[in-house]
Amino acid sequence: MKITVVDDYHKMSEVAARMIVSQINEKPDSVLGLATGSTPIGMYKKLIDYYKNGEVDFSNVITFNLDEYVGLSKQDPQSYIYFMYDNLFSHININKESIYIPNGTAEDLEQECKRYDVLLERFGPIDIQILGIGVNGHIGFNEPSKDLVLRTHVAYLSEETRKANARFFDDISKVPTRAITMGISDIMRAEKIILLASGKSKAPIVKRMLETGISTYIPASILKLHKNVEIIADKDAASFVEKRNCIA
Ligand code: F6R
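These notes cover the structure that comes with them. (Residues numbered from 1 in each chain as written. Predicted model: local features only at pLDDT ≥ 70, side-chain atom pairs only at ≥ 80, totals over all residues. Heavy atoms only, no water.)

Right, let's talk about the overall build of the protein for a bit. In terms of regular secondary structure, the protein is built from seven helices and 10 strands. Computed over its C-alpha atoms, the radius of gyration of the protein comes to 17 Å, within 12% of the 18 Å expected for a compact globule of 248 residues. A principal-axis box enclosing the C-alpha atoms of the protein has dimensions of 45 × 40 × 35 Å. Looking at the 248 residues of the protein, the share that counts as buried comes to 55%. In the protein, the proportion of contacts linking residues at least 24 apart, taken out of those at least 6 apart, comes to 79%. Carbon and sulfur atoms form 51% of the exposed surface of the protein, whose accessible area is close to 11200 Å². Across the protein, the 30 positively charged side chains and the 33 negatively charged ones have centroids separated by 4 Å. (Helix = DSSP H or I, 4+ residues; strand = E, 2+ residues; numbered from the N terminus. Rg over C-alpha atoms; globule rule 2.2 N^0.38 Å. Buried < 20%, exposed > 50% of the residue type's maximum accessible area, 1.4 Å probe, protein only. Contact = heavy atoms within 4.5 Å. Areas by Shrake-Rupley, 256 points an atom, 1.4 Å probe, with all protein chains shown as cover. Lys, Arg positive; Asp, Glu negative; His and termini not counted. Charge placed at Lys NZ, Arg CZ, Asp CG, Glu CD.)

Below is the structure:
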């Protein structure tokens, strides 16, 4: 696990976007694993800028999103599919047929999870998986728990996560209780994983993730078992980390 500490959110976004651009320029049909939430928004803005400057071509890229809320339709501004079009897909030349996001309104959710894993098998492995980190250490919606689920599944959101995500909704009662999420094994199959962390609110969990061993109660700590993980954290998110503990 490598950690790169950068000055601020702007720099974090730029470094991550540059890595994606290099990946696509090297392999135009790259498969990207994408995240939503506040953290990657700046990175998506940068990618749009690079696309507009002619530095990257998304026409052969395939994307898989990590997760989607159960019950929110694609017209709902809080759904992750809406988020992705709003923050990235509508502004670049990606082929809309090459965008994969779990369908949170599928009638049969179990079947939808299976369908997603079949697609991941067919188009994978993911070349670069982008992750944010929840304040409780979740990745995707793999919440702290005694057991972590390997493949795509329906997850119940923890109260901590619902509270953290309430900022996007009118009030906490509107935050969905379930989501479809890629599982831990789906994430770990990626060739490279980039975990982004920004802001003081992430400082305690970034420290715990790095300085604790491996625990299913800190799902991001599992990433220590992956051979190619890079954490890009801004100074605030890395402020509690003691340097000697940075490399796992
Ligand atoms: C989003 C996702 C989540 C977020 C995490 C951090 O697709 O999978 O794990 O990455 O909740 O969210 P932000 O970036 O809003 O702090």
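Structure shown, so let's carry the discussion forward.
Put simply, Gly124 and Pro125 share a cis peptide bond, and its omega is 0°. Within the fold, Pro125 resides in the loop between helix 4 (109-123) and strand 6 (128-131).

The next subject is the side chain of Ser221. Here Ser221 lies in the loop between helix 7 (203-211) and strand 10 (229-234). Of the residues examined, Ser221 reaches a relative accessible area of 0% and is grouped as buried. Of note is the side chain of Ser221, whose polar atom sits 2.7 Å from the backbone oxygen of Ile218. If we ignore the near neighbours within four places in the chain, the residues touching Ser221 are Met209, Gly213, Ile214 and Ser215. (Polar contact = N/O pair within 3.5 Å; in protein donor to acceptor, adjacent residues only side chain to side chain.)

Turning our attention to the sheet that holds strand 6. On the basis of which strands lie adjacent, the open sheet formed by seven strands has the order 1-10-9-6-2-3-5 and parallel pairing. The open sheet is flanked by strand 1 (2-6) and strand 5 (99-100), the only strands paired with a single partner. (Pairing = 2+ DSSP bridges.)

Around the ligand, the surrounding shell holds 14 residues, and the nearest of these are Thr39, Asp67, His138, Gly140 and Lys202. Ser38 places a main-chain nitrogen or oxygen 2.8 Å from an oxygen atom of the ligand. Contact distances for the ligand include 2.6 Å between an oxygen atom and a side-chain N or O atom of Asp67. With the chains in place, 94% of the 410 Å² that the ligand exposes on its own is no longer accessible. Tallied by class, the residues present in the shell around the ligand amount to three nonpolar, eight polar and three charged. (Near = heavy atom within 4 Å. Nonpolar A, V, L, I, M, F, W, Y, C, P; charged D, E, K, R; others polar.)

A word on the sheet that holds strand 8 (residues 178-181). Whenever strands of a sheet pair, they do so through backbone hydrogen bonds, lying parallel or antiparallel. Taking strand neighbours across the sheet as the criterion, the three strands line up as 4-8-7 in an open arrangement whose pairing is antiparallel. Strand pairing shows two members of the sheet lacking a second neighbour, strand 4 (67-69) and strand 7 (153-156), which therefore form its edges. For this sheet the average axis-to-axis angle between neighbouring strands, irrespective of direction, equals 30°. In this sheet, strand 8 lies alongside strand 4 in antiparallel orientation, the contact comprising three bridges. Looking across to strand 8, one finds that Tyr69 is bridged to Ala179. (Axes fitted to C-alpha atoms, helices over the stretch in contact; angles between N-to-C directions.)

This part is about the pattern of salt bridges. As enumerated under the stated definition, the model contains 17 salt bridges in all. Measuring nitrogen to oxygen at the nearest pair gives 3.6 Å for the salt bridge that ties Asp117 to Arg151. Of this pair, Asp117 sits in helix 4 while Arg151 sits in the loop between strand 6 and strand 7; the two residues are 34 residues apart in sequence, bridging distant segments of the chain. The exposure class assigned to Arg151 is partly exposed, which follows from its relative accessible area of 25%. We note a salt bridge from Arg162 to Glu159, for which the minimum N-O separation is 3.4 Å. In this pair, Arg162 and Glu159 are both assigned in helix 5 (residues 159-165), three residues apart and thus about one turn of the helix distant. By sharing partners, the salt bridges in this structure join Asp117, Glu121, Arg151, Asp186 and Arg189 into a single network. (Salt bridge = Lys/Arg side-chain N within 4 Å of Asp/Glu carboxyl O.)

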